[in-house]
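# Breakdown of the fold
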2 protein chains.
Amino acid sequence: MSGSSAGRQRPATISDVAREAGTGKTSISRYLNGEMSVLSADMRTRIAAAIERLDYQPNQMARGLKRGRNRLIGMLLADLTNPYSVEVLQGVEAACSALGYMPLICHAANEVEMERRFLQLLTTYRVEGVIVNALGVSEDTLRPAGGGIPAVLVDRTVEGLAADMVGLDNIDAATRGTQHLLERGFTEIRFVVQPYEQVSSRRLREAAFHETLGRFAGEVHGETMVLDLADNASAEHTLVTLDRTIDTASDRLALFAANAPVALRIALHLNQRLGPRWTERVALLSVDDPEWAELAGVTAIRQPTYAIGYRAVEFLHERIEGGNAPARDCLLPGELIVRASTAR
Amino acid sequence: MSGSSAGRQRPATISDVAREAGTGKTSISRYLNGEMSVLSADMRTRIAAAIERLDYQPNQMARGLKRGRNRLIGMLLADLTNPYSVEVLQGVEAACSALGYMPLICHAANEVEMERRFLQLLTTYRVEGVIVNALGVSEDTLRPAGGGIPAVLVDRTVEGLAADMVGLDNIDAATRGTQHLLERGFTEIRFVVQPYEQVSSRRLREAAFHETLGRFAGEVHGETMVLDLADNASAEHTLVTLDRTIDTASDRLALFAANAPVALRIALHLNQRLGPRWTERVALLSVDDPEWAELAGVTAIRQPTYAIGYRAVEFLHERIEGGNAPARDCLLPGELIVRASTAR
DNA sequence: CTGTTAGCGCGTTCAT
DNA sequence: ATGAACGCGCTAACAG
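Residues numbered from 1 in each chain as written. Chains lettered and ligands numbered in written order. Predicted model: local features only at pLDDT ≥ 70, side-chain atom pairs only at ≥ 80, totals over all residues. Heavy atoms only, no water.

Here we come to the nonpolar core. In this structure, A:Met75, A:Ile131, B:Met75 and B:Ile131 are the most contacted members of the largest nonpolar core, which totals 50 residues. Excluding residues that lie within four positions of it along the chain, B:Met75 makes contacts with B:Val88, B:Leu89, B:Val92, B:Leu104, B:Ile105, B:Cys106, B:Leu122 and B:Ile131. Residues A:Leu76, A:Val127, B:Leu153 and B:Met165 belong to the second largest nonpolar core, which totals 48 residues. (Core = buried A, V, L, I, M, F, W, Y, C linked by side-chain atoms within 4.5 Å. Buried < 20%, exposed > 50% of the residue type's maximum accessible area, 1.4 Å probe, protein only. Contact = heavy atoms within 4.5 Å.)

Spelled out as C-alpha cells, the structure:
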C-alpha cells in the first residue's frame, strides 16, 4: 500500500518545472537542450533541482511536433522467424543508439498486406526514415504523399525504386557456394528456395547457381526446387519428390538451400527419414549460418548480418540529414564455412 | 527524374485538407474520428475527396499530444537472441494489432544498464504501458515520476513490484522435467543455468528441480552448474568440468538445461567433443523447445510462448483502460516433448 | 542572461 | 450541421 494506490498522476510538464524553479519555460527548454552557456549558474542549479524533485522527463512527442523530427525510424522486417532478421536487427540497434535514433520495429510475417499496413502506420507516426526488408512493397507504397520518406532497403531491392540498398553480395556468395559443391565432385545438385519470386536476393542467388553450373554443362545436373514453407501440404509434396530424387540419383545428392528456414525444413525432414546420419546420404549447403548449423554439420555461407544492419542505419542517417547523392548499393561478402555435410 | 528530385515536401496537415475541402478543421477532425452521423452527405464526400487528393494521413504524434494517449506500448526484451523472446513477440504483435496498439520493441542484450536506459526512453515517448522481460529492472525504475506507467511482467517477477505477471508455470514444468529424468532411471543429474540469480524463473526452476530430487535423497545425486554464456573463458571452464563429470560418473549423466541458449551451448560442446552420437553418452533435457531440438533429438519442455505474449498485452490493455484489480499472476503450463536424448 | 509570444497538428468545448 | 477559438508540451523567434 505504498504508492500504487489510486490513479497514476500525469507526468510533470515543462511548465510544472518552470513554476517549481520560479522561472519561465524558455529557460527550462534551454537547459534541456544544453544551452548552458546562456544560463546563470544560479539558474542552472535551481532548474536541476526542480527537475530532480519532479522527476521531470521531456515529452518526446511534443518535442517532435515542434521540431518536425522525432528521432524515430521504422524497421520493417519480412520474417522475424528467420535468424537473419534478428541478427540484422542487432546491428540496427547498435547503430541507432550510436546515432540517437529509436527504431520502431514491425514484423510483417511474410504477408504483403501487413507490410503495406505497417508502412502506412509508420508514416502516420512520422518516422524520419524506414529500413525495409520486405516481400512485396511496391514503389508507390514507399512514396506516399509525393515526397515519401527516406528509405534504405535491406537484402533485396524493390522494383523501380531507386533507394540505397545494403545486403549480401549474392552473386559472389552463390557462385562460391556452387563452386564448393563442384570442387567436391557433386554432379546432382538442387537449389532449394521459397516461392517468393519477386525477392531480388532469391533471384540473384538462383541465377548465379545456374550460371556457375552452366560452365559444366553435361557433366553436372542442377535444378531449382521450390519449397513453400507457408503451405505444409505443398511442402510435404516437395519433400516427397526430394526423397525420390535422393533414392534414384546416380550420385550422392547435394542440396543448396537459399536460406536458413529452407535449410532447417530440409534437415528436419531428412533427419526424420534417414536418421541422424542423413548427411552421409545427402550434402547440404545453406546461405545463412543459423545457430544449429554447427550442430548438424551443415556447410554454410554466413552473412555479415550485423554489418548489414549497422550500415543500413548509417545510410539512412545520411539521407535524413539531407544527403542527396544517387542511390548506392552496398554489397558485403559472405563467408563460406565448410562442415561435414559437404565432405566427400 | 519523376518525383524523387528535390527535397521532399512536408506531409499534408488537417488544415491543408480543410482548405482543400473548403471547410473548417473541425469537420475534418470529426470525419477522421468517425463521427459521420454529424456530417452532411455532401460534406462527407468533399472531405473524402480532399483527403484522397492530398494523400493525407493524420499525425499520430499530434493526436497523442492532444488526447493524452498515443497507442504506443513498450516491449522490453532481455535477449532477442533467445528464440523464446521472438516467439513471445509474435503473440504480442498479434494482440497489439487486435487491440490497436503499436509495440515499441527494445532489446537490452542482457545488460542491466541498457534496460534502465530503454525504460527511461520509453517513458519519454509516453508509451501507455510496458511489457517487461528483463534481467534487473528494479522496482523504482518501473515507478518513475511517482505514479509510473502500467507494466506487465513476462516470464519473471520483479522484487517488490506488485504488477501483473504472465509466464510459464515454472514449478510444474521443472518438476515434470525432473520426474521424467527420474522415471528414465537417471541417477546423476545436473541442472545447468546462466548466472542470473535475480531472475525469478531461474530460481523457481532450480528450486523445483532440487525439491523433486530431494524426495529421492541418497538414490539420486543432483547439482546445479552455472554456465556463463557472456564470458567465454568462464563457460569453457565450466564445460571442461562437465566433461570430467561425464567421464567419471558412475551412470550416464543427465543434463537439465534451464533454457534454450544454455542447451545450445551444451549441445555444441558435446557434439564437438563426443561426436554426433553424443546423446548416447549424455542425456539432455531443456526448458524451451528451439527449432533445432527436434534435429538434435533433445527432449524439451515447450513453453506456450505465443499465448504468453498475447495474454501479456491483454493484461496491459486492461490496466491502461483503468483496471485497478490487484496484481495477478498468469501461469501457463509447459508441454513435455520426449525425444531420443533422454531414452534409456 | 531572461521572459513573452506564437505556433507545431490536432481534438474539443462552445457558440452559431 | 458547422466553425472559431483554445490548449496539449514544447521550441523558436523576438524583446527586454
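Before going further, it helps to spend a moment on the relation of the copies chain B and chain A. Copy one and copy two of the chain differ by a rotation about an axis and a translation along that axis. With an RMSD of 0.1 Å, the operation that places chain B on chain A is a rotation of 180° combined with a shift of 0.0 Å along the axis. The transformation just described matches what one would write down for a two-fold rotation axis. An overlap of 98% is found between the interface residues of chain B and their copies at the interface of chain A, pointing to a shared contact surface. (Least-squares fit on C-alpha atoms with pLDDT ≥ 70 in both.)

All names here are of chain B. Look at helix α7 (residues 170-183): 20 Å from first C-alpha to last across 14 residues, which is about the 20 Å you get at 1.5 Å a residue. When α7 is considered as a whole, its buried residues turn out to be Asn170, Ala173, Ala174, Thr175, Gly177, Thr178, His180, Leu181 and Leu182. Once α7 finishes, Gly185 follows within two positions and takes phi at roughly 85°, a positive value. (Helix = DSSP H or I, 4+ residues; strand = E, 2+ residues; numbered from the N terminus. Expected span 1.5 Å × (residues − 1).)

A word on the sheet that holds strand β1 (residues 72-77) of chain A. The pairing of strands in a sheet comes from backbone hydrogen bonds and takes either a parallel or an antiparallel form. All names here are of chain A. The six strands lie next to each other as β2-β1-β3-β4-β5-β11, forming an open sheet whose pairing is parallel. If you trace the sheet from one side to the other, it starts and ends with β2 (102-107) and β11 (329-332), each paired once. Taking the axes of each pair of neighbouring strands and ignoring which way they run, one obtains an average angle of 15° across the sheet. Direction of pairing for β1 relative to strand β3 (residues 129-133): parallel, over a ladder of five bridges. When the bridges of β3 are listed, Leu77 appears paired with Asn133. (Pairing = 2+ DSSP bridges. Axes fitted to C-alpha atoms, helices over the stretch in contact; angles between N-to-C directions.)

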